[in-house]
Amino acid sequence: MGYAVPFGLYLLAFLAYATHFARREPTMGRVATALLVGGALAHTFVIGMQTMAAGHVPFAGTTAAISTFVWLLVLAYLYTEVTTEERGLGVFVLPIIVALQAVPAIGGPVPEPRSPVLEHPLFWTHVAALLGAYASFGLAAVIGVTYLLQFKEIKAKHLVFFFTRLPSLQVLDVMNSRSVFIGWMLLTIGLGAGGVWVSEALAVAPDDPRVRAMSVTDPKIFVAIVTWAVYTFQLVARRTIGWRGRRSAYLSAAGFVIVLLNFVLVSYFLTDSHNFGA
């Protein structure tokens with residue numbers, strides 16, 4: 001079973017969520033959730049098999065990291081759906097899941113390397129924390145976008161579509177804040193662990209060009225620091241100057257755009273420093 005199976009189930013789930021959102025049919029909503037759970041289980045099986053083959057969770061290479069990120073985003077959304085009993089966000093989350101999962105589905109699985117550089121526990125702490133942070137930020141961005149759509153509808157006094165299908169603005173704002181805070185905590189841990197790990201990696205593999213390229217001037221690291229600064233500002237501004245609601249929603253969306261640029265564009269085209277895939 002490769003990446004194509006969970007991709008296909010995620011695509012079907014998106015179609016089911018879209019139908020549920022448009023028609024408000026409870027049965028279709030349950031079908032959508034079932035398809036997404038099926039995709040998550042299939043994805044878990046794929047990652048489990050790759051973990052057994054490589055001896056570690058597959059996220060050393062960029063393509064494998066994207067797949068693992070998608071898996072974490074699916075789990076984060078399912079947790080949110082189960083705890084809030086709201087399926088309205090699914091139609092907004094699934095396009096991101098389908099689009100990103102298409103990358104590993106098209107490219108296929110890549111064998112994970114066994115390198116001494118990757119055996120340090122701080123490396124796994126670094127990557128796992130960052131992927132978890134990005135999943136939280138992705139969820140926050142979707143919540144932020146739905147907040148803005150509903151706010152626009154309320155402002156126009158045309159409470160027909162989003163108002164009847166999404167949680168209230170207050171609930172969305174709280175969900176956004178919690179997702180950003182969890183993501184920020186994980187990102188802080190990930191950056192700290194990564195900084196310490198680089199010094200250890202230089203001692204283990206001083207001639208590895210990927211390790212030697214890791215500094216603040218490396219595009220991937222620089223953009224990660226910018227991302228941390230954006231979300232730090234969002235949390236501070238929320239507490240100190242009352243940037244809630246729309247402003248917080250805009251910052252969540254903007255921050256995740258930066259995350260996606262760093263995760264895909266920068267990783268594939270601007271640097272190889274973090275790509276340890278075989």
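That block above? That's the structure.
This one's a predicted model, so the numbers in the text were calculated from it and none came from an experiment. (Residues numbered from 1 in each chain as written. Predicted model: local features only at pLDDT ≥ 70, side-chain atom pairs only at ≥ 80, totals over all residues. Heavy atoms only, no water.)

## As for the side chain of Ser179
Consideration 1: Relative to the elements of secondary structure, Ser179 occurs in helix α6 (residues 169-204).
Consideration 2: With a relative accessible area of 10%, Ser179 lands in the buried category.
Consideration 3: Sequence-distant contacts of Ser179, that is, excluding residues within four places in its chain, are made with Ser136, Leu139, Ala140 and Ile143. (Helix = DSSP H or I, 4+ residues; strand = E, 2+ residues; numbered from the N terminus. Buried < 20%, exposed > 50% of the residue type's maximum accessible area, 1.4 Å probe, protein only. Contact = heavy atoms within 4.5 Å.)

## Comments concerning helix α4 (residues 90-107)
Helical periodicity: at 3.6 residues per turn, an α-helix aligns residues three or four positions apart in one direction.
Consideration 1: End to end, α4 covers 26 Å across 18 residues, agreeing with the expected 26 Å (1.5 Å per residue, within 8%).
Consideration 2: When the local axis directions of α4 are compared, the greatest deviation, roughly 25 degrees, occurs at Gln101, which is followed within four positions by the proline Pro104. (Expected span 1.5 Å × (residues − 1). Bend = angle between axes of the 7 residues up to and from the residue.)

## A look at helix α8 (residues 219-240)
Consideration 1: Over its 22 residues, α8 extends 31 Å from the first C-alpha to the last, a length consistent with the 32 Å expected when each residue adds 1.5 Å.
Consideration 2: All buried positions along α8 are accounted for by Lys220, Ile221, Val223, Ala224, Thr227, Val230, Tyr231, Thr232, Gln234, Leu235, Ala237 and Arg238.
Consideration 3: Phi for Gly242, located one or two positions after α8, is positive at around 70 degrees.

## Details of the packing of aromatic side chains
Consideration 1: Scanning the entire structure with this criterion turns up eight aromatic pairs.
Consideration 2: On the numbers, 5.0 Å between centres and 50 degrees between planes, the contact of Phe123 with Trp197 is tilted. Linking Phe123 in helix α5 (residues 121-155) with Trp197 in helix α6, this pair joins segments that are 74 residues apart in sequence. There is no split in this pair, since Phe123 and Trp197 are both buried. (Phe/Tyr/Trp six-rings, centres within 6.5 Å; stacked < 30°, edge-to-face > 60°.)

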